[in-house]
Amino acid sequence: FSLNLAADCNAVLKALQPIFQEQGMTETVHNWEDHGYLVTYIKKNGSFANLRIHPHGLVLVDLQSYNDHMKGREEVDQLLNKVEERMKESFHGNIKRVKRLPAILRGGVIDRYWPTADGRLVEYDIDEVVYDEDSPFQNIKILHSKQFGNILILSGDVNLAESDLAYTQAIMGSGKEDYTGKEVLILGGGDGGILYEIVKLKPKMVTMVEISFDKWPIIHINPSNIDQMVIDGCKKHMRKTCGDVLDNLKGECYQVLIEDCIPVLKRYAKEGRMFDYVINDLTAVPISTSPEEDSTWEFLRLILDLSMKVLKQDGKYFTQGSCINLTDALTLYEEQLSRLYCPVEFSKETVCVPSYMELWVFYTIWKKQTDI
């Protein structure tokens, strides 16, 4: 409750006390001269409530119930309804806003809460754990959402859902490119979504290369691009995303190399092998410049430089950036582009990725054409 005026802490307490007492809850009151009241109410069944009354006019009621069945939830709602009614009766002319938040379910078999890239907590409509395994590198989860289908979550990071064709299309150029007869290099992409969509477009050859953890910290590399167990999980449970392309590591116009992409890129550069498109799905842009992030920026620059060396002069390099709200991180990424061995230009596009529940930035980068 947000009040129009300063709160009479004692008056609020006296108005709400009878409601909790009727529930047989034991009361403990803490008060501070300048900081209001904190009142706790404890019930024998383990349920409890916190009533926090701030002098400036903010009244907070938090209720935790031990019961996880429908009857318990109804009791919670009834109690909160009584609190709201009593507050409106007692302070009807002084209440500016009333806000009730949905219940947070703690300790459930299915974890429904996952953070966005910019640190907001999202509750998903998860109703089933489809796959949950630990590989040598990470925890791999595939959870089912009523809205988004199966969602791949790796070490707590939402990677891709079956609903997220918008992500795949954006990192391929948003339908503006002609892949017919082209040589394409995919860095990462272990969920198979990019490979599946490009194979439909009749390329000459698509090479998808994974990456290892030999030199780069696990925390910064998009895990879906590394782990054979992820590929195995996706080809079984994410077939709306990857189709059948992960069933075999080699097809009529594609091959998947399960090896570190860095020496592969170096080898291709030495051999003079060139590609029309390079698609980097290895990692998102780091969100800070703290010391622990330095190796990730170094990694990104290395990948960019090596990719430019195997990209044809008129070729294009596609990659994801990060959440549009992380403006500082995106600016730092764009600064890295001016530090490559060859001059480049870029454009960017903002796309709504359904399961991310946030706008995501994608980059197109190409070699700057110089006048002869």
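Residues numbered from 1 in each chain as written. Predicted model: local features only at pLDDT ≥ 70, side-chain atom pairs only at ≥ 80, totals over all residues. Heavy atoms only, no water.

### Some thoughts on the confidence of the model for the protein
Per-residue pLDDT for the protein has a mean of 89; in total, 91% of the residues score no lower than 70. Ranking the elements of the protein by mean pLDDT puts helix 8 (residues 294-310) last with 87 and helix 3 (residues 165-170) first with 98. Overall, residues 212-226 carries pLDDT values under 50, and its contacts beyond four positions in sequence, including any with other chains, amount to 50 contacts. (pLDDT = per-residue confidence, 0-100. Helix = DSSP H or I, 4+ residues; strand = E, 2+ residues; numbered from the N terminus. Contact = heavy atoms within 4.5 Å.)

### Structural notes on the pattern of salt bridges
Overall, the coordinates contain 14 salt bridges when judged by the stated rule. Close ionic contact of glutamate 84 with arginine 100 constitutes a salt bridge, the shortest N to O distance being 3.1 Å. Linking glutamate 84 in helix 2 (residues 70-91) with arginine 100 in the loop between strand 6 (95-97) and strand 7 (113-115), this pair joins segments that are 16 residues apart in sequence. According to the relative accessible area criterion, arginine 100 is partly exposed, its value standing at 36%. In this structure, glutamate 123 and arginine 112 form a salt bridge, with 3.5 Å as the shortest nitrogen-oxygen distance. Of this pair, glutamate 123 sits in strand 8 (residues 121-123) while arginine 112 sits in the loop between strand 6 and strand 7, and the two are eleven residues apart along the sequence. Judged by relative accessible area, which is 35%, glutamate 123 ranks as partly exposed. Here arginine 112 falls in the partly exposed class, since its relative accessible area comes to 25%. (Salt bridge = Lys/Arg side-chain N within 4 Å of Asp/Glu carboxyl O. Buried < 20%, exposed > 50% of the residue type's maximum accessible area, 1.4 Å probe, protein only.)

### Section: the sheet that holds strand 11 (residues 149-154)
Two orientations exist for strands paired in a sheet by backbone hydrogen bonds: parallel and antiparallel. If you trace the four strands from one edge of the open sheet to the other, you get 9-10-11-12, paired in antiparallel fashion. At either margin of the open sheet sits one strand with a lone partner, and together these are strand 9 (126-134) and strand 12 (157-161). Averaged over neighbouring strand pairs, the angle between their axes works out to 25° when direction is ignored. The pairing of strand 11 with strand 12 spans four bridges and is classified as antiparallel. Bridge pairing in strand 12 places leucine 154 opposite aspartate 157. Running over the sheet, helix 5 (residues 228-237) touches strand 9, strand 10 (139-145) and strand 11 and is turned about 145° from strand 9. (Pairing = 2+ DSSP bridges. Axes fitted to C-alpha atoms, helices over the stretch in contact; angles between N-to-C directions.)

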